[in-house]
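Spelled out from the first residue to the last, the chains are:
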Amino acid sequence: MKTSPVEVADLQRSVISVPPLARRSDLSLDAAANQALIRYLEAGDVTTLMYGGNANFYHIGLQQYAEALGMLAESAGAQSWVIPSAGPEFGRLQDQVAVLREHSDFPTVMVLPLTFPATPDGVATGVRHFAEAYGKKIILYVKNEGYLTPELVGSLVDDGLVCAIKYAVVREDPREDALLRAILERVDASIVISGIGERPAIDHFRHFGLRAFTSGSVCVAPRSSTALRKALQRGDYEQAESIRQRFLPIEDLRDGISPIRILHDAVTLGGIADMGPMLPMLSNLSEAERAKVQPVARDLASLDASMADAA
Ligand SMILES: N[C@@H](CC=O)C(=O)O
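The text that follows walks through the structure, step by step, so that each part is easy to find. These numbers were taken from a predicted model, which means no experiment stands behind them.

## What about the site of the ligand?
- Surrounding the ligand, one finds Val 18, Asn 54, Lys 166, Gly 195, Ile 196, Gly 197, Thr 214, Ser 215, Gly 216 and Arg 254.
- The side chain of Lys 166 places a nitrogen or oxygen atom 2.6 Å from an oxygen atom of the ligand.
- Counted by class, the shell around the ligand contains two nonpolar, six polar and two charged residues.

## As for the nonpolar core
- Ranked by internal contacts, the top residues of the largest apolar core, which has 110 residues, are Phe 57, Phe 130, Ile 138 and Ile 165.
- For Phe 130, the contacting residues outside a window of four places in its chain are Ala 86, Leu 93, Val 97, Leu 100, Val 109, Val 111 and Ile 138.

## Notes on the packing of helix α2 (residues 31-43) against helix α3 (residues 62-75)
- Interhelical geometry of α2 versus α3 gives an angle of 45 degrees and a closest axis separation of 10 Å. In this view, α2 runs oblique relative to α3, as classed from their interaxial angle. Relative to α3, the crossing made by α2 is right-handed. From α2, Ala 31, Asn 34, Gln 35, Ile 38 and Arg 39 reach across to α3, where they touch Met 71, Leu 72, Glu 74 and Ser 75.
- The residue inventory of the contact of α2 with α3, partitioned by class, reads four nonpolar, three polar and two charged.

## Considering the environment of Glu 241
- Along the chain, the position of Glu 241 falls in helix α10 (residues 237-256).
- When the C-alpha positions of Glu 241 and Ala 201 are compared, they lie 9.8 Å apart, and in sequence the two are 40 residues distant.
- A distance of 2.5 Å separates polar atoms of two side chains, one belonging to Glu 241 and the other to Gln 245.

## Concerning the packing of aromatic side chains
- Applying the stated criterion across every chain yields a total of three aromatic pairs.
- One residue, Lys 2, lies across the ring of Trp 81, its end atom 5.7 Å from the ring centre.

## Notes on unusual backbone geometry
- Here the residue pair Gly 87 and Pro 88 is connected by a cis peptide bond, since its omega of 10 degrees sits within 30 degrees of zero.
- Here Pro 88 is to be found in the loop between β3 (81-86) and α4 (90-102).
- Phi is positive for Leu 27, close to 75 degrees, though the residue is something other than glycine.
- By secondary structure assignment, the location of Leu 27 is in the loop between β1 (16-17) and α2.
- One non-glycine residue, Asn 56, adopts positive backbone phi at about 55 degrees.
- Examined against the element boundaries, Asn 56 turns out to sit in the loop between β2 (48-51) and α3.

## Points about the side chain of Ser 85
- If you trace the backbone, Ser 85 turns up in strand β3.
- The class of Ser 85 is buried, set by a relative accessible area of 0%.
- Separated by 2.7 Å, the side chain of Ser 85 and the backbone oxygen of Tyr 51 make a polar contact.

## As for the environment of Val 220
- Within the element layout of this structure, Val 220 appears in the loop between β8 (214-215) and α9 (222-233).
- Residues Val 220 and Tyr 40 lie 180 residues apart in sequence; the distance between their C-alpha atoms is 8.8 Å.

## Here we look at the packing of α4 against helix α5 (residues 120-134)
- Two elements in contact, α4 and α5, have axes whose closest approach is 10 Å; the angle formed by their N-to-C orientations is 15 degrees. The angle between α4 and α5 falls in the class roughly parallel. Viewed along their axes, α4 and α5 form a crossing whose handedness is right-handed. Judged by residue contacts, Phe 90, Leu 93, Val 97, Leu 100 and Arg 101 of α4 engage Gly 126, His 129, Phe 130, Ala 133 and Tyr 134 from α5.
- Along the lines of polarity and charge, the residues of the contact of α4 with α5 split into seven nonpolar, two polar and one charged.

## Considering the pattern of salt bridges
- According to the stated counting rule, one finds 19 salt bridges in the structure shown.
- For Arg 171, the salt bridge identified is with Asp 177, shortest N-O distance 3.1 Å.
- Residue Arg 171 is classed as partly exposed on the basis of its relative accessible area of 22%.
- Looking at Asp 177, the relative accessible area reads 4%, which means it is buried.
- Taken together, the salt bridges that share partners define one network made up of Lys 2, Asp 10 and Arg 13.

Conventions we followed
Residues numbered from 1 in each chain as written. Predicted model: local features only at pLDDT ≥ 70, side-chain atom pairs only at ≥ 80, totals over all residues. Heavy atoms only, no water. Near = heavy atom within 4 Å. Polar contact = N/O pair within 3.5 Å; in protein donor to acceptor, adjacent residues only side chain to side chain. Nonpolar A, V, L, I, M, F, W, Y, C, P; charged D, E, K, R; others polar. Core = buried A, V, L, I, M, F, W, Y, C linked by side-chain atoms within 4.5 Å. Buried < 20%, exposed > 50% of the residue type's maximum accessible area, 1.4 Å probe, protein only. Contact = heavy atoms within 4.5 Å. Axes fitted to C-alpha atoms, helices over the stretch in contact; angles between N-to-C directions. Helix = DSSP H or I, 4+ residues; strand = E, 2+ residues; numbered from the N terminus. Parallel < 35°, antiparallel > 145°, perpendicular 65-115°, else oblique. Left-handed = near helix turned anticlockwise from the far one by under 90°. Phe/Tyr/Trp six-rings, centres within 6.5 Å; stacked < 30°, edge-to-face > 60°. Lys NZ or Arg CZ within 6 Å of the ring centre and 35° of its normal. Salt bridge = Lys/Arg side-chain N within 4 Å of Asp/Glu carboxyl O.

Here it is as C-alpha cells:
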C-alpha cells in the first residue's frame, strides 16, 4: 500500500475509485468480499481507493472504523493507495484522530462534508483543528454550495493543510459552474479532483483544466473507466465521449434512485463481489429496483470484461 506523502502525480495515476464496503448479514465487515472488489479494480488498473460516501463512512462506529482501516490496509495491493474518510461531525473528527494516528500508514484522509448544522467559517475551523491534530494534509470534499467559500478553501490550502479538493457540486450543465471557477481562481487546478463520476468528467477536464476524477461506477467497469481516464489525459475528447456513453445507463439509474444504494447493490448484482447489507441509516434496493439494476450492471460488467479478453 502506498504510504508516502501525496503528490499531484498520485491524483492522476488512476481513476480515484469510491467503492462500497461489503458487510455480512450481522453488519460485520466482510474482508473476503472487500478484497475481491479491490482485486477486481486493481485488475482494471484502478489502484486508488477512496472509502467515503459509497462506503457509508458517514455512519460507521468508532470501533468498526478502526477495524475497517486495518482491513483495508491489509487488503490493498502493494501499489495501491487507500484513502479513508473521516467525519463529518466535529466530535467524530476529534474521536477518529486517535484511530488514524494508530493507523499511520495512510498518506491522507478525506473529510466528509457536513451540510447541517454548519457554517462556512465553522467548517473551516473544524477542518483546520482536525488537520492540525492529524498532522498530515487532508482532502477537502466540497459537495454543496455554501459549505466553504473559495477564500476559505484557499486559506486552508495556503496554510499547508490540504493536499487535494474533491469537487462534487452537481450542476444541470457542468460547464456553468461559478463556484468551481472561483475556487480555481484561488487554488491550482492540479489539486482539484472532479468528484461526481464519469458524467461531468469530460466537461471538468475540458473547460476547467481538472486532471483527475473520482468514480463509483468504476467498481463495475474498471477497464472502461481507466480507458476514459487515459483518453481525457491525452485530450482525446471524442474517444472519451464514446466511453462515457457506456456509463450513462447506470448513472441514470443512480441519479434517479440513489447513487450510493444503486452502486452498492450493482456490485453484487453485476457478479463482482457480494456487498451484503447496507449499514443503516441507508438500506438496500427493493426487489423492483434490483430488477432494473441487474441487467444494466451485468451489461456494463460484461462490456468491461470484453476489454480484458481483447487485450
Ligand atoms: N459520487 C461519485 C464519485 C464518488 O464520489 C460516484 O459515486 O460515482
